[in-house]
Amino acid sequence: MRFPQFQLARLFGIPLIIDYSWLPMAVLHVWLVAEMWLARALGDQLPQGAYLIIGVLVTALFFASILLHELAHALIARVEGIEIYDIQLHIFGGWARLVSEPRTALAELRIAIAGPASSFLLAALFWLGVQLVQLLGAPRDPAAAAAVSSFKYLAAANLTLALFNLLPGLPLDGGRALRAWLWHRRKDVLSATRTAKRCGVALAYLLMLYGVFLLGSGLMRGTFWREALAAAWLLVVGVFLKNAAEQDYRFRVEQRAYEDETQRLQAQTTAQWNVAGTVGAVMRTPVISVAPELKVSEFIDQVLAEHRLTIFPVAREGRLHGMLALERLRAVPKSEWECRLIRDVMEPVDETHFITVRASLAHAARKLKANPLGQLAVLDSDGLLVGCLSETDVSAAL
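Draft legend 1. Seen up close, the overall build of the protein chain. A count of helical and extended segments in the protein chain gives 12 helices and 10 strands. Expressed along its principal axes, the backbone C-alpha trace of the protein chain runs to roughly 90 × 45 × 35 Å. Across the 398 residues that make up the protein chain, the buried fraction comes to 46%. Of the contacts formed within the protein chain by residues at least 6 apart in sequence, a portion of 60% connects residues at least 24 apart. Positive and negative side-chain charges of the protein chain, numbering 38 and 35 respectively, have mean locations separated by a distance of 5 Å.

Draft legend 2. Spotlight on a nonpolar patch on the surface. Residues L121, L125, L128, L132, L135 and L136 make up a contiguous nonpolar surface patch of about 660 Å² in total accessible area. Taking relative accessible area as the criterion, L135 reaches 66% and is therefore assigned exposed.

Draft legend 3. Structural context of the packing of aromatic side chains. Throughout the structure, instances matching the rule amount to 7 aromatic pairs. For the ring pair Y210 and F213, a centre distance of 6.1 Å and an interplane angle of 20° mean the geometry is stacked. Remark: F213 and Y210 occur in helix α6 (residues 189-221); sequence separation between them is 3 residues, near one turn of the helix. Cluster of aromatic residues (ring-pair linked, three or more members): W22, F62 and F63. When the ring centre of W95 is taken as origin, the NZ or CZ atom of R97, which lies over that ring, is 5.6 Å away. Stacked on the ring of F354, the Lys or Arg K367 has its end atom at 5.2 Å from the ring centre.

Draft legend 4. Local environment of unusual backbone geometry. For the peptide bond that leads from L170 to P171, omega is 5°, which places it in the cis range. Structurally, the position occupied by P171 is in the loop between α4 (142-165) and α5 (173-186). Not every positive phi belongs to a glycine, and F12 is a case in point at roughly 55°. Mapping F12 onto the fold places it in the loop between β1 (5-11) and β2 (14-19).

Draft legend 5. The arrangement of the environment of R179 in detail. With respect to the secondary-structure elements, R179 resides in helix α5. Look at R179 and you get buried, because its relative accessible area is 1%. The spatial distance from the C-alpha of R179 to the C-alpha of K197 is 8.9 Å, given a sequence separation of 18 residues. Non-local contacts of R179, meaning those with residues more than four positions away in its chain, are made with E101, E108, L170, V189, A192, T193, A196, D248 and R252.

Draft legend 6. Summary view of the sheet that holds strand β9 (residues 375-379). Taken together, the 3 strands give an open sheet; going across it, the order is β8-β9-β10, and neighbouring strands pair in mixed fashion. Each edge of the open sheet carries a strand with a single partner, namely β8 (354-356) and β10 (385-390). For this sheet the average axis-to-axis angle between neighbouring strands, irrespective of direction, equals 35°. Bridge count for β9 against β10 is 5 bridges, and the pairing is antiparallel.

Draft legend 7. Region of interest: helix α11 (residues 361-369). Residues of α11 that are buried include every one of L361, A364, A365 and L368, and no others. What you see down the axis of α11 is that its buried residues fit within an arc of 100°, all on one side. For α11, the elements touching its buried residues are β8, β9, β10 and α12 (391-397).

Draft legend 8. Region of the structure containing the pairing of β10. Counting buried residues in β10 gives 6 out of 6 residues, a clear majority hidden from the surface. Between β9 and β10, which pair antiparallel and follow one another directly, the connecting turn spans 5 residues, one of which, G383, has a positive phi of 80°.

Draft legend 9. Broad picture of the sheet that holds β1. One open sheet accounts for 4 strands, arranged β1-β2-β3-β4; its pairing is mixed. Both edges of this open sheet fall to β1 and β4 (93-98), since each of them pairs with a single strand only. In this sheet, neighbouring strand axes are inclined to one another by 25° on average, regardless of whether the strands run parallel or antiparallel. Relative to strand β3 (residues 84-90), β2 is paired through 3 bridges, and the arrangement is parallel.

Draft legend 10. Layout of the packing of helix α3 (residues 105-136) against α4. Two elements in contact, α3 and α4, have axes whose closest approach is 8 Å; the angle formed by their N-to-C orientations is 160°. It follows that α3 is roughly antiparallel to α4 by the angle criterion. Of the two elements, α3 crosses α4, and the hand of that crossing is left-handed. Its residues placed into classes, the contact of α3 with α4 shows 18 nonpolar, 5 polar and 1 charged.

What counts as what
- Residues numbered from 1 in each chain as written.
- Predicted model: local features only at pLDDT ≥ 70, side-chain atom pairs only at ≥ 80, totals over all residues.
- Heavy atoms only, no water.
- Helix = DSSP H or I, 4+ residues; strand = E, 2+ residues; numbered from the N terminus.
- Buried < 20%, exposed > 50% of the residue type's maximum accessible area, 1.4 Å probe, protein only.
- Contact = heavy atoms within 4.5 Å.
- Lys, Arg positive; Asp, Glu negative; His and termini not counted.
- Charge placed at Lys NZ, Arg CZ, Asp CG, Glu CD.
- Patch = residues over 30% accessible without salt bridge, like charges linked within 9 Å, V, L, I, M, F, W, Y side chains within 5 Å.
- Areas by Shrake-Rupley, 256 points an atom, 1.4 Å probe, with all protein chains shown as cover.
- Salt bridge = Lys/Arg side-chain N within 4 Å of Asp/Glu carboxyl O.
- Phe/Tyr/Trp six-rings, centres within 6.5 Å; stacked < 30°, edge-to-face > 60°.
- Lys NZ or Arg CZ within 6 Å of the ring centre and 35° of its normal.
- Pairing = 2+ DSSP bridges.
- Axes fitted to C-alpha atoms, helices over the stretch in contact; angles between N-to-C directions.
- Arc of directions from axis to C-beta.
- Parallel < 35°, antiparallel > 145°, perpendicular 65-115°, else oblique.
- Left-handed = near helix turned anticlockwise from the far one by under 90°.
- Nonpolar A, V, L, I, M, F, W, Y, C, P; charged D, E, K, R; others polar.

Right under this line is the structure:
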C-alpha cells in the first residue's frame, strides 16, 4: 500500500518528500515523548501544556536527525558521482533514493556508513548538551530539568537509530556494509546481495518473533494492552524489512539480467558496425552523453569530475540535442551554475555535429575539418546516438 506524498522543500538541490503516513507517526511521537518520557521524568514540575510543546520540539529535532541521517547518505552518494532522486520521510523513518547503484564495493561502503556515522555524531552532540545544561543550569530549575531530559532522549534516540541501522542485513545500512565487504571479497555483487538479503530476512523474522513473544508475555502477566503497541510495531517493521530485503535482491537480479542482455546486444551490434573503412570501425564507445535538463552544477560535480573530456554530446533517450563544449561552459559565471541548464549553454544540434555509423572515413575526415568542435556524434540508422568520432580517431585509421 502506498500513501500520498508531497514535497516539503529542497535541500542541496535534493527534493524532500513527506509521505502522509509520517504525519500520524509524528503525532504519536509527540504524545509518547510528552506522556511517557517527560511526564514520568519530571512529574508535575511543569504544566501539561508545556510537556506537549516540548514534545513537539523534541519530535521536530528527532525527525530532523533522521533527515540528517538520510542527507549524509545522499551527499556521500553525490561525492561518488551518483545522482539523488529524492529523500523521503515515511512511517518507518527515511530513505535516500539513488538514481543508480554504487559502481564499486568501496563506494557502497562509504555511502552505507555515512548515515550511522551522522547519527553517532548527533548522539554525542545531544549528550554534550546534557552535560552543558547540567553544568550551567540551576539544579532545581524545571526548565533545566526539561532540557536535560529532552537532550537525553535525543541522544538515546540517535544512538538507537545508529545501532539499529548497523544490524547486518538488508535493507539496513549494516546490510549494505556487509554487502560491500562480501562484494569486495567475492568480486560478485549479486552473490553478496543474496547473502545480505538472507541476513536481512533472518533479522526481520527475529523482530517478528520478539513481537509475538511480547504479546504472549503480556497475556500471561495481564499487561497485554501495554505490550500490544510495541509488539504490533515490531511485527510491522519486521514485515517491512523482509519485503524490502527481498525487493533489493530482486532488483539486483533484474539489473544483472539487463546488463548481460545489453552487453550481448551491444557486442552483436558493434560487430555489425565494424566494417573496414567506415566510421563504425573506429568510433569510440560507450559514449558519455549528458541530459539537456541537467543543471550546470550537477554536470560539473557528477559528470565532469569523473570524465575529463572537452566535448560531450547532449542527448535524451538516445536522441541528439546538441554538443556541449567546455570552452563555452567556462563563460558561465559560477553564481549561475545552480540555475542554468545544459540546454542553455550547449551548441544546438545541426548537421555539422553528427555523422552516420556507416559513413566512410574519407567523408568523416572532410566533415571534421569543417567542424569547429573537432568531434562528431555518431548516429545509427534509427538516428540514435551510438558513439563519438574525433580527428585523432580518423587520422589513426587512415
